Amino acid sequence: MDLTLNGKVAMITGGSRGLGRQCALALGREGCAVAICGRDGEQVEQTVSELTALGINANGSQADVTSSDDADRFLQQTTAALGAPDILVNNVGGRRGSVLFDETSIEQFVEGLEVNLISAVRMTKLALPHMQAQGWGRVINIASIYGREHGGSVDYMTGKAGMIAFSKHLALQLAQTGVLVNCVAPGSIDFPGSTWDRFQQNNTPEVVGEFIDRNLPMGKFGWPEPIGETVAFLASDRAGLITGACINVDGGQSKSLF
């Protein structure tokens, strides 16, 4: 299916590895120029080289989007190298506190909200004016099934729930402008360096097997490619009637009916 994304400019936060890298690959294969950022400059350069070798027009910035200055710089460098962004994928996230509230400091909780929610709000604020001015844009937020039901650390669950609510609120405000806003909610996705990769390394096969039996109906962890392909579809005009949605990509893992 041709997603008619040729010539669009996509920004992906945390795009140097994992799900963000897969989003960059999927959008790049559909003809987007892609800009990625990450805190590890060497990893950013490596991923840009990989994308370029595949014929994708790519640019990278070493940036931590929990910093206003870094977020501004990411946008400026993207615009200078590729043009203003038509598509924004807010992928940065991760747990900072504990599953237990009593074991999570206020500092960890605030840091968790910064990385899982505020960074996405900040980047959206920066990228949105161009999208509104041209009457076309896509904001795609990588949330989690743990933003829809119980799971993960307390700061992560709260931040991802906030991201889903923010996306719905903004989507309705922008529904008549040509700018669509949606969430993708992954389940337990395994890739090198992921939470679930570390979980498997740090536990016995019996513990890992029990988790899989109890939580993963397909009998295995998820993988990044379906996340990237879902993002590419949501970025396209093929998904022109989808806004304010949160789409689970979890192999049936989530328990919630809605």
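A brief structural summary. Per chain, residue numbering runs from 1 following the sequence as it is written. pLDDT decides what is reported in this predicted model: residues at 70 or higher carry local features, side-chain atom pairs at 80 or more are listed and counted, and totals for whole chains, interfaces and linings draw on all residues regardless. Values reported for side chains reflect all heavy atoms of the structure, with hydrogen atoms and water molecules removed beforehand.

### Focus: the packing of helix H1 (residues 18-29) against helix H2 (residues 41-53)
The description of two helices packed together rests on the angle between their axes and the distance between the axes. Where H1 meets H2, the axes come as close as 11 Å, and the angle between the chain directions of the two elements is 25 degrees. Taken together, H1 and H2 sit at an angle that is classed as roughly parallel. As for how H1 packs across H2, the hand of that crossing is right-handed. Where H1 abuts H2, its residues Arg-21, Ala-24 and Leu-25 lie against Thr-47, Glu-50 and Leu-51. In the contact of H1 with H2, the residues fall into 3 nonpolar, 1 polar and 2 charged. Axis definition: a line fit to C-alpha positions, over the contact stretch in the case of helices; interaxial angles, taken between N-to-C directions, run 0 to 180 degrees. Each helix is a run of DSSP H or I of at least 4 residues and each strand a run of E of at least 2, with the numbering of both proceeding from the N terminus. Working definition: roughly parallel below 35 degrees, roughly antiparallel above 145 degrees, roughly perpendicular at 65 to 115 degrees, and oblique for all remaining angles. Crossings are classed by handedness, with left-handed meaning an anticlockwise turn of the near helix from the far one by less than a right angle and right-handed meaning a clockwise turn. Between two residues, a contact is recorded if the distance between any of their heavy atoms is within 4.5 Å. Under the scheme applied here, ten amino acids are nonpolar (Ala, Val, Leu, Ile, Met, Phe, Trp, Tyr, Cys and Pro), four are charged (Asp, Glu, Lys and Arg), and all others, including Gly, are polar.

### As for the pattern of salt bridges
Any two side chains of opposite charge can pair if their charged atoms end up close together. We define a salt bridge as a contact between a side-chain nitrogen of Lys or Arg and a carboxyl oxygen of Asp or Glu at a distance within 4 Å. Applying the stated criterion to the full structure yields 7 salt bridges. Ionic pairing is found between Glu-229 and Arg-29, a salt bridge with its closest N-O pair at 3.0 Å. Here Arg-29 lies in helix H1 and Glu-229 lies in helix H8 (residues 225-235), a separation of 200 residues in the sequence. Here Arg-73 makes a salt bridge to Asp-70, at a shortest N to O gap of 3.0 Å. Pair noted here: Arg-73 and Asp-70 are both in helix H3 (residues 68-81), with a separation of 3 residues, about one helical turn.

### A few points about the layout of surface pockets
Think of a 1 Å grid over just the protein atoms. A cavity is a set of points where a 1.4 Å probe fits yet cannot get out, a pocket is an open set with protein on both sides within 12 Å along at least five of seven lines, and lining residues have an atom within 4 Å of a point. Grid points are joined across faces, edges and corners, and a volume is the space filled by probe spheres set on the points. In this model, the largest pocket occupies a volume close to 1200 Å³. Residue lining of the largest pocket: 45 residues in total, with Gly-93, Gly-94, Arg-95, Tyr-156 and Thr-195 positioned closest to the centre. Its residues placed into classes, the lining of the largest pocket shows 15 nonpolar, 20 polar and 10 charged. Each pocket or cavity is described by its volume, and for the second largest pocket that value is around 170 Å³. What lines the second largest pocket is a set of 16 residues, and nearest its centre among them are Met-218, Gly-222, Trp-223, Asp-250 and Gly-251. Here the lining of the second largest pocket is built from residues that sort into 9 nonpolar, 5 polar and 2 charged.

### Focus: H8
Partly exposed residues are those whose accessible area sits between 20% and 50% of the maximum for their type, while under 20% is buried and over 50% is exposed, using a 1.4 Å probe and protein chains only. Ile-227, Gly-228, Thr-230, Val-231, Ala-232, Leu-234 and Ala-235 are the residues of H8 that are buried. Summarising the contacts, the buried residues of H8 are in contact with H1, strand S4 (87-90), strand S5 (137-142), strand S6 (179-186) and strand S7 (246-249).

### Focus on helix H4 (residues 106-134)
The terminal C-alpha atoms of H4 lie 41 Å apart, and with 29 residues this matches the ideal 42 Å at 1.5 Å per residue to within 8%. Taking the largest bend as the criterion, H4 deviates by roughly 45 degrees, centred on Glu-114. Here, expected helix span is obtained from the residue count minus one, scaled by 1.5 Å. We define the bend at any residue as the angle between the axes fitted to the seven residues before and including it, ending there, and the seven starting there.

### What about the sheet that holds S6?
The strands making up a sheet are joined through hydrogen bonds of the backbone, oriented either antiparallel or parallel. Read across the open sheet, the 7 strands follow the order S3-S2-S1-S4-S5-S6-S7; overall the sheet is parallel. Here the strands that pair on one side only, and so sit at the sheet edges, are strand S3 (58-62) and S7. The sheet shows a mean angle of 15 degrees between the axes of neighbouring strands, taken without regard to direction. Lying over the sheet, H8 contacts S4, S5, S6 and S7, oriented at roughly 155 degrees with respect to S5. Following DSSP output, two strands are said to pair if at least two bridges run between them.

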